[in-house]
Amino acid sequence: MKLKLYLPILILALSVVPAHSQTGEIPLPEHPRPDWHRPDWVNLNGTWEFTFDPKNKGMEAGWASGNTGFDREITVPFPWGSALSGVEDAADIGWYRRTIRVDPTWKNRRVYLIIGASDWETTVWLDGKRVGSHQGGYVPIELELTRHLKPGEAQQLVIRADDTRRDFTLYGKQGYGNARGIWQTVYLEARGGQYLEALRLEPDIDRSQVAATAVLPAPATDTTEVALVIATPQGPLQATITIPAGESRQSLRIDMPDARLWTLDDPYLYEVAATLGDDRVGTYFGMRKISVANLPGTEYPYIALNGKPVYLQLALDQSYHPEGFYTFPSDAFMREEIERSKAIGLNGIRIHIKVEVPRKLYWADKLGLLVMADLPNSWGSPDAAMQAESEYTLRRMIDRDFNHPAIFSWIVFNETWGLTRDGKYTRDTQNWVASMYYLAKSLDTTRLAEDNSICCGYGHTETDINSWHQYLPGYKWDEHLREITENTYPGSPYHFEDGFRQGNQPLLNSECGNVWGYDGSTGDVDWSWDYHKMMNAFRTYPKVAGWLYTEHHDVVNEWNGYWRFDRSEKETGMGELVPGMGLRDLHAGIYLSTGQEISREVTAGSQVEVPLFLSDMSGRDLGGPLTLRYTLTMTNPLGQNREALSGSLEVAHTPWMQASLDPLGIQVPGENGLGLLAFEVAGPDGTVLSRNFMHLIVEGGTEPAGVRRITQKPGAWTAADWSGKVWEVLEGRKANGAGSGYFEYTFELPAGPAAGDSAYFLAELSAKEFFVKDRENYEADQDFMKGSRVAPSSNPNSYPMTDEVLFPSRIRVEVNGEAVDTLTLPDDPADHRGVLSWHYQLRDGKLREAGSYGFLVQVPIPAEALRRARATDRKVRITLQTEGEGGIAVYGAGFGRYPLDPTLVIAD
């Protein structure tokens, strides 16, 4: 994320005028629980009176009775401190007040106030009478108002939220934006005199049944019947659950003939209407099964959906919004979050250390995207209070979210955060962590559970998934995956704490990427290059059942997302290199890998072999062989492209095949340049199933014919003057001038007869933004955890990835002091197109403007200027002068996108 894009977000976060109060709309007007909704309800979102209580005097001063002036307004349900709340964060305790009027038709109903979530201790009064209190920041608060109600009359509802920091509370990563006070929808709900507490729907696809368990809030005084109507494609199914007197729950198995399964391609939801007397509830479920099954033809355990292995391709989803923090601005935005993941070919997300908003889970159910659900972590130690808080929240989140078919696993802890005492992960704590795994399994037998999503030297205890976190530069993935696959097997202690051993769990790299793989993190960089190498490597190790990339979107101080924090696009550049290619190709079910190395130096005229590995994770029977088409396109030192060779191969295909193919032999062209070897894998009907590519850097060959080239290294300027800074990258492979100023390069014409009067200046140039890391004084030692606010370009490794915000530079080109052209350098980009900038990086854990590249600039030299130069000192001086503050970067043959130095080209 570039600094100029990020600043408006910071400014918005300080705004005190919420958009909803300007328009008069009720924010998030939809029912917050499609999975559990009653027809009679009233949304209380919108403008509330509000005041802070920094000295915690409100209780003693009687504020619960309205005995104070509420001095501001807040937009509920956005947490205070967020832009959408309209209130700056000024204290740990806040008081809310508004008038409610209950419909007289609810007179004989039981009326509840429901707060989807409020952090942390929440207390409610109605007309000054205390209704109840709740402790916990992530699960619903349900308080009965019935005995205090005066239906049809105006009544005063007051809520106090105390978010004073307590080490034992589950805080997650709220440093990205605190979920202070109310952060989910507040509403009133009318229930029957006797009502349903829960209806758990457990699908059994092996028997084509669903087990329905009705739960009452208290034991029934008489025999009680719960009528169910399940809408199916064949018509409604009806069933009745009979709960005997003295019991509070009862189960019934219901046959589901011709059951339509919930799949990622067809996420069919069965809607259910439940009636208990005058209490009516709507919910839904999906007929699906989560299990472990071997990848066909192997003994590799995979997570399976409906018995079919799923190669997990997931993103870590911090689930934050720049203006709402934990709370999204609209239901449409939540739907779009799920659609974004599916659009790039992912099949799941991991909601990171946050109990997710139910409507976002609904869209995952509705659209077909798998979800790993984390329990939030504390930042203290695992004392009795922290353990109680964790157990309570785990029980409530599983109870609330049981019916969501998209959720396939529960993750109890993350990276051992909050589990150490004085820096030690003790055996007592390990045993408690194992007990939490068993608690999750006892609460939900239908899903997988993990004890601890591990990293940083810690291991598993008891778990259904052998997960681990690893962040590496692209060049280390093959070595890492080889080590993992050689050391993991049933009975292995690898990844496990002493006394615990691996069983038959699927392997999952449950956080990965290049961020933190380089010294001190990467900051904001092009992730697509290392990502490409990582994907190529993963697909050659099918024993690893999937990966989880960090992350879905940028957040505050992490810029490695597929999208920016505001969800604007980043540009990988792959689609320009290979038309039609995008991230979906790197996530394709049928994938052709050329191995970890996606660029190679080769000798002109030589024969090279390119390794090929075909990975089919789709399991599709295509009814015939695949066709592998390939094309080698060369770019010469003049920036000219030509197709050097092409061909095709027939590849026998079987579903789920994981096979090394015969290497592809390539006759390297005889001329120097940069080769792009592009591949397409097509099915028997000609449909392109996936694309991939690699680069060949060809050296030791011939030069372009018909011209003379006089070159200078980017760092060999003869004069330069810049208002910001001037410096070289990687020993002169690139020259940077920031601010306003100029570079001058001098080319000496060859002695002897004139070669001709036709000449031009050729160079790869871009704008040059003056990043924080390049200024003399900046804070290099930054805390990148818990939401520290730093500029995206402040990390020494960073070079912000190309996105929708351009940074152009207008420049003037002069020849021997005379202006001959003006042009605009559109941006200062960094993405996959910066092939040479990536290829020539030193493999030392640091990045030096990786992925940066420029635009090919060709400026004709006036014939008269050329003749005058020959008649005098035989020198042509090219001056690149900015007409503003956009800077200039000059790329050489070993940096950027084109294999050329700044060049004077003279026709023979």
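Residues numbered from 1 in each chain as written. Predicted model: local features only at pLDDT ≥ 70, side-chain atom pairs only at ≥ 80, totals over all residues. Heavy atoms only, no water.

Enquirer: Would you mind going over the overall build of the chain in detail, with residue names and values included?
Expert: When its secondary structure is counted, the chain shows 13 helices and 50 strands. Principal-axis analysis of the C-alpha atoms places the extent of the chain at approximately 110 × 65 × 55 Å. Within the chain, buried positions represent 62% of all 908 residues. For the chain, contacts bridging at least 24 residues in sequence account for 73% of all contacts bridging at least 6. (Helix = DSSP H or I, 4+ residues; strand = E, 2+ residues; numbered from the N terminus. Buried < 20%, exposed > 50% of the residue type's maximum accessible area, 1.4 Å probe, protein only. Contact = heavy atoms within 4.5 Å.)

Enquirer: Break down the state of the cysteines for me, with residues and values.
Expert: Note: disulfide means a covalent bond formed between the sulfur atoms of two cysteine side chains. Taken as a whole, this structure holds one disulfide when the rule is applied. Here Cys455 connects covalently by a disulfide to Cys456, the sulfurs 2.0 Å from one another. Residues Cys455 and Cys456 are joined through a disulfide that is left-handed, its torsion about the S-S bond being -45°. Note on Cys455: relative accessible area 9%, which makes it buried. (Disulfide = S-S within 2.5 Å.)

Enquirer: Go over the sheet that holds strand S8 (residues 129–135), please, and point to the residues and values.
Expert: Two pairing modes exist for strands in a sheet, parallel and antiparallel, and in both the strands are linked by backbone hydrogen bonds. One open sheet accounts for six strands, arranged S3-S2-S4-S10-S7-S8; its pairing is antiparallel. This sheet does not close on itself; its edge strands, each paired only once, are strand S3 (72–76) and S8. Direction aside, neighbouring strands of the sheet carry axes that sit 30° apart on average. (Pairing = 2+ DSSP bridges. Axes fitted to C-alpha atoms, helices over the stretch in contact; angles between N-to-C directions.)

Enquirer: Report on the pattern of salt bridges, specifying residues and quantitative values.
Expert: By the definition in use, this model includes 62 salt bridges. Here Glu189 ties to Arg191 by a salt bridge, and the two come within 2.7 Å at their closest N and O atoms. The class for Glu189 is buried, based on a relative accessible area of 1%. Taken together, the salt bridges that share partners define one network made up of Arg38, Glu142, Glu189, Arg191 and Asp279. (Salt bridge = Lys/Arg side-chain N within 4 Å of Asp/Glu carboxyl O.)

Enquirer: Outline the packing of helix H8 (residues 477–487) against helix H9 (residues 528–538), supporting the account with residue identities and numerical values.
Expert: Think of two packed helices as two axes; the pair is described by the angle between the axes and how far apart they sit. At a closest axis distance of 9 Å, the pairing of H8 and H9 adopts a crossing angle of 30°. Note that H8 runs across H9; the crossing there is right-handed. Of H9, the residues touching H8 (which contributes Trp477, Asp478 and Leu481) are Met534, Ala537 and Phe538. Partitioning the contact of H8 with H9 into residue classes produces five nonpolar, no polar and one charged. (Left-handed = near helix turned anticlockwise from the far one by under 90°. Nonpolar A, V, L, I, M, F, W, Y, C, P; charged D, E, K, R; others polar.)

Enquirer: Report on the environment of Gly368, specifying residues and quantitative values.
Expert: Among the structural elements, Gly368 can be located in the loop between helix H5 (358–367) and strand S25 (370–374). On the basis of relative accessible area, Gly368 is assigned to the buried category, the value being 1%. Considered as a pair, Gly368 and Ala406 are 38 residues apart in the sequence and their alpha carbons are 6.9 Å apart.

Enquirer: Tell me what's going on with the side chain of Asn536, and back it up with residues and numbers.
Expert: Note on placement: Asn536 falls in helix H9. Exposure remark for Asn536: the relative accessible area of 0% places this residue in the buried category. Within polar-contact distance, the side chain of Asn536 engages the side chain of Tyr591 at 2.6 Å. Here the side chain of Asn536 touches Thr594 through a polar contact of 3.4 Å, side chain to side chain. Setting aside its immediate chain neighbours within four residues, Asn536 contacts Tyr591, Ser593, Thr594, Gly595, Gln596, Ile598 and Asn692. (Polar contact = N/O pair within 3.5 Å; in protein donor to acceptor, adjacent residues only side chain to side chain.)

Enquirer: Quick rundown of unusual backbone geometry? Include the residues and the values.
Expert: The omega torsion of the bond from Asp119 to Trp120 falls at 10°, within 30 degrees of zero and hence cis. Mapped onto the fold, Trp120 is located in the loop between strand S6 (118–119) and strand S7 (121–126). A cis amide bond links Thr550 with the next residue in sequence, Glu551, at an omega value of 20°. Among the secondary structure elements, Glu551 is positioned in the loop between strand S30 (544–549) and helix H10 (574–577). Residues other than glycine seldom take positive phi values, yet Asn306 does so here, at roughly 55°. Positive phi outside glycine occurs at Asp422, with the angle close to 55°. Relative to the elements of secondary structure, Asp422 occurs in the loop between strand S26 (407–411) and helix H7 (427–443). Take Asp422: its relative accessible area is 82%, and that puts it in the exposed class.

Enquirer: Give a detailed account of the pairing of strand S37 (residues 673–682), specifying residues and quantitative values.
Expert: The element S37 is extensively covered by neighbouring structure, given that nine of its ten residues are classed as buried. As defined by bridge partners, strand S34 (residues 626–635) adjoins S37 across nine bridges and the pair is classed as antiparallel. Within S37, the position partnered with Thr631 by the bridge is Ala678. Sheet topology note: the S37/strand S38 (residues 688–699) ladder contains ten bridges and is antiparallel. Within S38, the residue paired with Ala682 across the bridge is Val688. In sequence, S37 turns back onto S38 through a hairpin of five residues, with Gly686 there showing a positive phi of about 90°.

Enquirer: Before we move on, could you go through helix H6 (residues 384–401) and cite the residues and values that matter?
Expert: Helix length check: H6 (18 residues) gives 26 Å between terminal C-alpha atoms against 26 Å at 1.5 Å per residue, within 8%. All of the buried residues in H6 are Met386, Gln387, Glu389, Ser390, Thr393, Leu394, Met397, Ile398, Arg400 and Asp401. On the buried face of H6, the contacting elements are strand S13 (198–204), H5, S25, S26 and H7. (Expected span 1.5 Å × (residues − 1).)

Enquirer: Outline the side chain of Ser599, supporting the account with residue identities and numerical values.
Expert: Relative to the helices and strands, Ser599 is located in strand S32 (residues 599–603). Looking at Ser599, the relative accessible area reads 7%, which means it is buried. Within the local environment of Ser599, its side chain forms a polar contact with the side chain of His839, the two groups lying 2.7 Å apart. Ser599 has contacts with Trp529, His695 and His839, leaving out every residue within four places of it along the chain.

Enquirer: An account of the sheet that holds strand S43 (residues 741–748) is requested, with residue identities and associated values reported.
Expert: As summarised here, the arrangement of the five strands in space is S40-S43-S48-S45-S46, forming an open sheet in which the pairing is antiparallel. In this open sheet, the two strands that pair with only one neighbour each are strand S40 (719–722) and strand S46 (818–825). Strand-to-strand, the axes of this sheet are offset by a mean angle of 15°, without reference to chain direction. Note: S40 against S43, four bridges, orientation antiparallel. Each residue of the ladder has a partner; that of Trp722, found in S43, is Gly741.

Enquirer: Lay out the environment of Asn557 in plain terms, naming residues and giving numbers.
Expert: Secondary-structure assignment places Asn557 in the loop between S30 and H10. When its relative accessible area of 2% is taken as the criterion, Asn557 is described as buried. Once the C-alpha coordinates of Asn557 and Gly175 are considered, the two residues, 382 residues apart in sequence, prove to be 9.9 Å apart.

Enquirer: Give me H9: which residues, what numbers.
Expert: Of all eleven residues in H9, eleven are buried, a share of seventy percent or more. The complete set of buried residues in H9 reads Ser528, Trp529, Asp530, Tyr531, His532, Lys533, Met534, Met535, Asn536, Ala537 and Phe538.

Enquirer: Let's hear about the packing of aromatic side chains: which residues, and what values?
Expert: Under the defined criterion, the tally for this structure stands at 45 aromatic pairs. Where Trp527 meets Tyr531, the ring centres are 5.5 Å apart and the plane angle is 70°; that geometry is what we call edge-to-face. For the pair Trp527 and Tyr531, a shared accessibility class is recorded, and that class is buried. A ring pair is formed by Tyr531 and Trp547, whose centres lie 6.1 Å apart and whose planes are at 85°; its orientation type is edge-to-face. With a gap of 16 residues between them, Tyr531 in helix H9 and Trp547 in strand S30 connect regions that are remote in the sequence. Just as Tyr531 is buried, Trp547 falls in that class too. Here the aromatic residues Trp527, Tyr531, Trp547, Tyr549, Tyr562 and Trp563 are joined through ring pairs into a cluster of three or more. A cation over an aromatic ring shows up here: Arg200 above the ring of Phe402, its NZ or CZ 3.9 Å from the ring centre. Positioned above the aromatic ring of Phe333, the side-chain terminus of Arg340 is 5.2 Å from the ring centre. (Phe/Tyr/Trp six-rings, centres within 6.5 Å; stacked < 30°, edge-to-face > 60°. Lys NZ or Arg CZ within 6 Å of the ring centre and 35° of its normal.)

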